[in-house]
Structures are given as structure tokens and as C-alpha cells.
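For reference, the chains in residue letters:
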Amino acid sequence: MLKNLIEIENVSFSYEEEGEPAVKNVSLSIPKGAFYAVLGQNGSGKSTLAKLMNGLYKPSSGTVKVYGMDTADDDKTWEIRQRAGMVFQNPDNQLVATVVKDDVAFGLENIGVPTEDMPARIEQALRDVGMQEFADRSPHHLSGGQKQRVAIAGALAMQSDIIIFDEATAMLDPRGRQEVFSVVQQLNRNRGLTVVWITHYMEEAALADRVFVMHRGEVVLEGTPSEVFSHADILKKCKLRQPPVTEIAENLREKGFDISSGVLTAEDMVREVKRLCASSWKK
Ligand code: ADP
Ligand code: MG
């Protein structure tokens with residue numbers, strides 16, 4: 001049984017032969033069932049890395065393997081794209097059909113799914129993202145969050161076991177962001193979907209199993225969210241910040257409040273504040 005669905009070994013990629021590489025000496029592995037985040041400012045190489053992960057780009061040097069298949073091998077292109085789905089930033093660029101269910105069906109013909117098997121796959125995929133009621137509607141009237149959920153259903157219908165999300169919530173309002181993020185979290189937890197979540201929202205990365213920070217094409221920091229977000233200095237160099245609640249917690253601690261390190265989410269903060277209140281009442 002293959003443990004790592006994606007294995008990237010010492011990969012560099014340049015858009016132009018002479019130019020500075022957009023991705024430089026990156027090595028990383030994505031195990032089955034993981035929810036990994038990739039963080040980095042604009043231009044740090046995240047989208048280039050994403051496209052290397054499912055063979056849309058081939059490395060200038062090094063190797064990328066998806067399910068053990070080398071993305072440099074042209075014979076494997078379709079299988080790799082089917083195994084590793086992608087959801088992009090702009091919801092409007094991904095939906096092509098006039099009816100939601102046709103959009104979900106779009107990739108299935110390409111991979112040779114028999115016509116009679118399609119309806120069941122489409123229905124299940126739409127149900128998995130909570131969009132089954134919209135199957136016969138036009139995608140154009142959906143909210144951004146709903147469009148992204150339809151795009152996710154497209155990958156699920158292809159039976160992708162890994163989906164790479166390239167800033168899939170960046171164009172959504174807070175409600176849409178929350179809606180898409182929680183659908184992806186549930187697919188990861190309940191269905192074992194492997195997730196690569198590219199983002200510039202610290203609070204989303206804080207919820208991942210592991211975080212990779214990119215800067216000028218390189219992975220400069222890697223670890224659990226609490227390890228990564230404890231490096232305020234490195235993050236600052238990468239023009240990133242800690243999640244807002246982590247900053248608040250650290251400021252309070254510097255002012256002498258007894259708050260534990262490693263506050264990453266609003267829930268962590270609530271827990272710490274409750275603990276503080278309880279201990280001050282005891283005094
Ligand atoms: P991010 O997704 O983190 O914003 P990208 O992977 O899009 O970063 O870009 C990394 C670097 O590659 C940037 O310097 C960017 O200008 C350059 N780049 C991205 N796409 C292209 C392209 N199609 N042609 C030439 N250079 C590109
Ligand atoms: Mg990008």
C-alpha cells in the first residue's frame with residue numbers, strides 16, 4: 001500500500017530557460033488522508049507548485065510522483081489528472097456547462113466512464129458537497145461558495161483521492177469561505193480525501209495537519225501549525241503574519257497574562273480566556 005500519494009523530490013521549475021526558477025529545490029511528500037497547507041505571499045511559487053503536483057507542468061529538474069507515477073511520463077497524464085484533482089481560485093472560470101450536473105459530468109467522458117454509470121456518480125458527488133438540490137440549475141445563479149462546491153463535486157465524480165485547492169476561497173466572501181472550507185474538512189475527515197490547501201489565510205492554515213511556507217520558490221519553513229506559527233521572525237521575512245488570534249495571545253502574554261503558547265484558533269483563545277477568568281475568580 002502506497003503511503004505517500006504525492007512525492008516531490010528536489011524539484012525546480014523555471015518558466016524561462018535563463019530566468020530565476022519559480023520553484024526551487026522543493027522536496028515534500030503528501031501522505032494519504034493528510035490535510036496539508038501551503039502558505040506564501042503572492043509570487044512565492046504556490047500555483048506553480050500546485051500545477052507541478054498534478055502534471056500540468058513538468059519539473060525542469062527533480063521528480064514528481066503521483067501514486068508512484070512520474071508526471072514526466074506522458075502516458076500517465078490522464079491517470080494523474082484523474083487521481084489528483086484541482087480546484088482553482090476563480091469560481092467562474094471552472095464551470096463550463098449550462099446545468100450543474102453537466103458540469104460535474106464534464107471530466108467523466110474524458111476518462112471513459114460508461115454513460116450509464118454517470119448519473120449515480122454525479123448524484124453522489126453533489127450530495128457529498130451538499131449541492132444535490134442544485135443538480136438541474138444553472139451554475140450562473142449560484143454564489144461563489146456554491147460554485148466552488150460544484151467544482152469540488154467535479155473532482156469527486158472523477159474519483160480523485162487527492163484534491164489540490166489553489167486559493168479556492170480567495171475570491172469568496174467570509175460566508176462562502178467558511179462554507180467551502182468546512183465541506184473540504186468534512187471530506188477529509190469522513191471520506192479520507194487527501195487535501196493540499198494552498199492559501200494566504202493564516203487562520204485556514206492553522207487548521208491543517210502540517211504547513212509548508214514558501215518564499216521565492218523555496219519551502220523555507222515546514223511543520224505543524226503551532227511549530228510554524230511560533231516563528232514570527234521567519235514569517236515576517238516572508239511577508240506573512242501569525243494568525244490574528246496568535247498575535248493577540250502573544251501580545252497578552254508579553255503583558256504578563258498567563259496565556260499558553262500555541263493559540264491558533266478562536267476556540268483555543270476562548271479556552272485560554274475561560275481558564276484565566278476561572279483562575280482569577282478563585283483568587
Ligand atoms: P503564487 O501562486 O504563490 O502567487 P506563482 O507560482 O503564480 O506564485 O508565481 C511564482 C513566480 O513565477 C512569480 O515570480 C511569477 O511572476 C512567475 N510566473 C507565474 N506564472 C508565470 C508564467 N505563466 N510565465 C512566466 N512567469 C510566471
Ligand atoms: Mg497563485
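Residues numbered from 1 in each chain as written. Chains lettered and ligands numbered in written order. Predicted model: local features only at pLDDT ≥ 70, side-chain atom pairs only at ≥ 80, totals over all residues. Heavy atoms only, no water.

What follows is about the domain arrangement of the protein chain. According to the domain assignment, the protein chain consists of domain 1 (4-240) and domain 2 (243-283). Centre-to-centre separation of domain 1 and domain 2, based on C-alpha positions: 33 Å. Taken together, the contact pairs 7 residues of domain 1 with 6 residues of domain 2. Here domain 1 meets domain 2 over a buried area of about 500 Å², counting both sides, of which 81% is carbon and sulfur. When residues of domain 1 are sorted by the area they lose upon contact with domain 2, A206, S226 and F229 head the list and together hold 55% of the total. At the boundary of domain 1 with domain 2, the tally comes to 0 salt bridges. Connecting domain 1 to domain 2 are 0 residue pairs in polar contact (both at pLDDT 80 or more). Of all the secondary-structure elements, those providing two or more residues to the side of domain 1 that touches domain 2 are helix 8 (202-205) and helix 9 (225-229). Element by element, the count of residues in the side of domain 1 that touches domain 2 is highest for helix 9, at 3 residues. Each residue belonging to the side of domain 1 that touches domain 2 can be placed in one class, and the counts come to 5 nonpolar, 1 polar and 1 charged. (Domains from an automatic or database assignment. Contact = heavy atoms within 4.5 Å. Buried area = accessible area lost by both parts, 1.4 Å probe. Salt bridge = Lys/Arg side-chain N within 4 Å of Asp/Glu carboxyl O. Polar contact = N/O pair within 3.5 Å; in protein donor to acceptor, adjacent residues only side chain to side chain. Helix = DSSP H or I, 4+ residues; strand = E, 2+ residues; numbered from the N terminus. Nonpolar A, V, L, I, M, F, W, Y, C, P; charged D, E, K, R; others polar.)

Quick look at the site of ligand 1 now. Taken together, Y15, A22, Q41, N42, G43, S44, G45, K46, S47 and T48 make up all the residues around ligand 1. A distance of 3.2 Å separates an oxygen atom of ligand 1 from a polar atom in the backbone of S44. Between an oxygen atom of ligand 1 and a side-chain N or O atom of T48, the distance comes to 2.5 Å. Broken down by class, the residue content of the shell around ligand 1 amounts to 2 nonpolar, 7 polar and 1 charged. (Near = heavy atom within 4 Å.)

This paragraph deals with the sheet that holds strand 4 (residues 61-66). Pairing is antiparallel in the open sheet, where 4 strands are placed in the order 2-1-4-5. Looking along the sheet, the strands with just one partner apiece sit at the ends: strand 2 (23-31) and strand 5 (69-70). Here strand 1 (residues 4-13) runs beside strand 2; their pairing, made up of 6 bridges, is antiparallel. Within strand 2, the position partnered with E7 by the bridge is S29. Sheet strands in contact with helix 1 (residues 46-53) are strand 1, strand 2 and strand 4, and its direction is about 55° off that of strand 2. (Pairing = 2+ DSSP bridges. Axes fitted to C-alpha atoms, helices over the stretch in contact; angles between N-to-C directions.)

The final tally for this structure, using the stated rule, is 19 salt bridges. With a closest N to O distance of 3.7 Å, R253 and E250 form a salt bridge. With a gap of 3 residues between them, R253 and E250 both fall in helix 11 (residues 244-254), about one helical turn apart. Residue class for E250 comes out partly exposed when judged on its relative accessible area of 23%. E272 is paired through a salt bridge with R271; the nearest N and O atoms lie 3.5 Å apart. Taking the relative accessible area as the measure of exposure, E272 reaches 3% and is therefore buried. By sharing partners, the salt bridges in this structure join D258, D268, R271, E272 and R275 into a single network. (Buried < 20%, exposed > 50% of the residue type's maximum accessible area, 1.4 Å probe, protein only.)

Taking strand neighbours across the sheet as the criterion, the 6 strands line up as 6-7-8-3-9-10 in an open arrangement whose pairing is mixed. Strand pairing shows two members of the sheet lacking a second neighbour, strand 6 (84-87) and strand 10 (218-223), which therefore form its edges. On average, adjacent strands in this sheet sit at an angle of 20° to one another, irrespective of strand direction. In the sheet, strand 6 pairs with strand 7 (residues 162-166) via 4 bridges, with the strands oriented parallel. Residue M86 lies in a different strand from strand 7, and its bridge partner there is I164.

Of all 5 residues that make up strand 7, 5 are buried, and the element is covered over most of its length. With burial as the criterion, each face of strand 7 is covered, one bearing I162, I164 and D166 and the other bearing I163 and F165. Both strand 7 and strand 8 (residues 194-199) contribute to a ladder of 5 bridges, which runs parallel. Bridge pairing in strand 8 places D166 opposite I198.

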